[in-house]
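Reading the structure
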Amino acid sequence: MITIISGTNRPHSNTFKLASYYQQKLMEKGVAAHILSLADLSADFISSEMYKSRSDTFQPYQDRVMATEKFIFVIPEYNGSFPGILKTFVDACKFPDSFFNKKAALVGLSSGKYGNIRGVDHFTGVCHYVRLNVLPLRIHIPHIFQEFDADGNLYKEDTVRFTDEQIEEFIRF
Ligand SMILES: Cc1cc2nc3c(=O)[nH]c(=O)nc-3n(C[C@H](O)[C@H](O)[C@H](O)COP(=O)(O)O)c2cc1C
């Protein structure tokens, strides 16, 4: 199974829009992928309980992570890094079974001009720790508010080309 993790719990995020774009592009290439949006996590997700007995509402997320062989993480830049909720999600997943020897592609985005270069680097370190193999072609999309057309699709020639190259490599990965 392929799972696209929309890496923020902010409602109506550009991250979710971009995750949906990746899902659509994969589908056009004949590859099915699910989106796991951190915006759907229940309110009791961040509680001290998560470290000893994870709540029942988290189990479906854990099950989906366990059933996934390849992940795409779509990661917004929050204060110069990746969102805390994304790290909390990784921390809540069973270690080491959840990500061990699996594969991941990383996509960064930001409203500013760096496209979350640092946050994607930071998250790459986390991926290596949990033994996720990261696709070397990582994508960074700055100025995200100028990147979507009215239908929520990327339309700028070089952004479409680079994301398409990453998707093709991800399929072969
Ligand atoms: C808590 C928070 C921190 C942010 N920090 C940065 C930042 O450091 N650099 C930047 O370019 N954009 C920053 N942004 C703007 C996001 O990059 C922008 O909202 C973009 O659309 C991606 O986030 P989204 O998926 O939540 O929409 C921040 C947004 C939030 C909510």
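Structural notes, computed from the coordinates. (Residues numbered from 1 in each chain as written. Predicted model: local features only at pLDDT ≥ 70, side-chain atom pairs only at ≥ 80, totals over all residues. Heavy atoms only, no water.)

**Points about the pairing of strand β3 (residues 70-76)**
Within β3, 7 of the 7 residues are buried, which leaves the element mostly enclosed by the surrounding structure. Of the two faces of β3, both are covered, the one formed by K70, I72, V74 and P76 as well as the one formed by F71, F73 and I75. Judged from the 5 bridges that link them, strand β1 (residues 2-6) and β3 form a sheet pairing that is parallel. What sits directly across from I4, in β3, is I72. Of the pairings in the sheet, the one linking β3 to strand β4 (residues 103-109) comprises 7 bridges and is parallel in character. Bridge pairing in β4 places I72 opposite A105. (Buried < 20%, exposed > 50% of the residue type's maximum accessible area, 1.4 Å probe, protein only. Helix = DSSP H or I, 4+ residues; strand = E, 2+ residues; numbered from the N terminus. Pairing = 2+ DSSP bridges.)

**As for the site of the ligand**
Near the ligand lie 15 residues; those nearest to it are R10, T15, Y78, N79 and G112. Contacts to the ligand include E77, whose side-chain N or O atom sits 3.1 Å from a nitrogen atom. One of the backbone nitrogen or oxygen atoms of G112 is found 2.8 Å away from an oxygen atom of the ligand. Considering the ligand on its own, with 600 Å² of exposed area, one finds that the protein chains cover 74% of that surface. Class assignment of the residues belonging to the shell around the ligand gives a composition of 5 nonpolar, 8 polar and 2 charged. (Near = heavy atom within 4 Å. Polar contact = N/O pair within 3.5 Å; in protein donor to acceptor, adjacent residues only side chain to side chain. Areas by Shrake-Rupley, 256 points an atom, 1.4 Å probe, with all protein chains shown as cover. Nonpolar A, V, L, I, M, F, W, Y, C, P; charged D, E, K, R; others polar.)

**Some points on the packing of aromatic side chains**
Taken as a whole and assessed by the stated rule, the structure comprises 8 aromatic pairs. Each ring, one from F82 and one from F123, has its centre 5.2 Å from the other, and the planes form 75°; the classification is edge-to-face. With F82 in the loop between β3 and α3 (84-92) and F123 in helix α4 (residues 117-129), this pair connects stretches of sequence that are 41 residues apart. The residues F82 and F123 share a single accessibility class, namely buried. Here the aromatic rings of F95 and Y129 are separated by 5.8 Å at their centres, their planes lie at 20°, and the arrangement is stacked. Placement of the pair is F95 in the loop between α3 and β4 and Y129 in helix α4, with a sequence separation of 34 residues. With relative accessibility at 60%, the residue Y129 sits in the exposed group. Cluster of aromatic residues (ring-pair linked, three or more members): F71, F73, F82, F99 and F123. Over the aromatic face of F173 sits the side chain of K103, whose NZ or CZ is 5.3 Å from the ring centroid. Sitting over the ring of F162, R161 keeps its end group 5.2 Å from the ring centre. (Phe/Tyr/Trp six-rings, centres within 6.5 Å; stacked < 30°, edge-to-face > 60°. Lys NZ or Arg CZ within 6 Å of the ring centre and 35° of its normal.)

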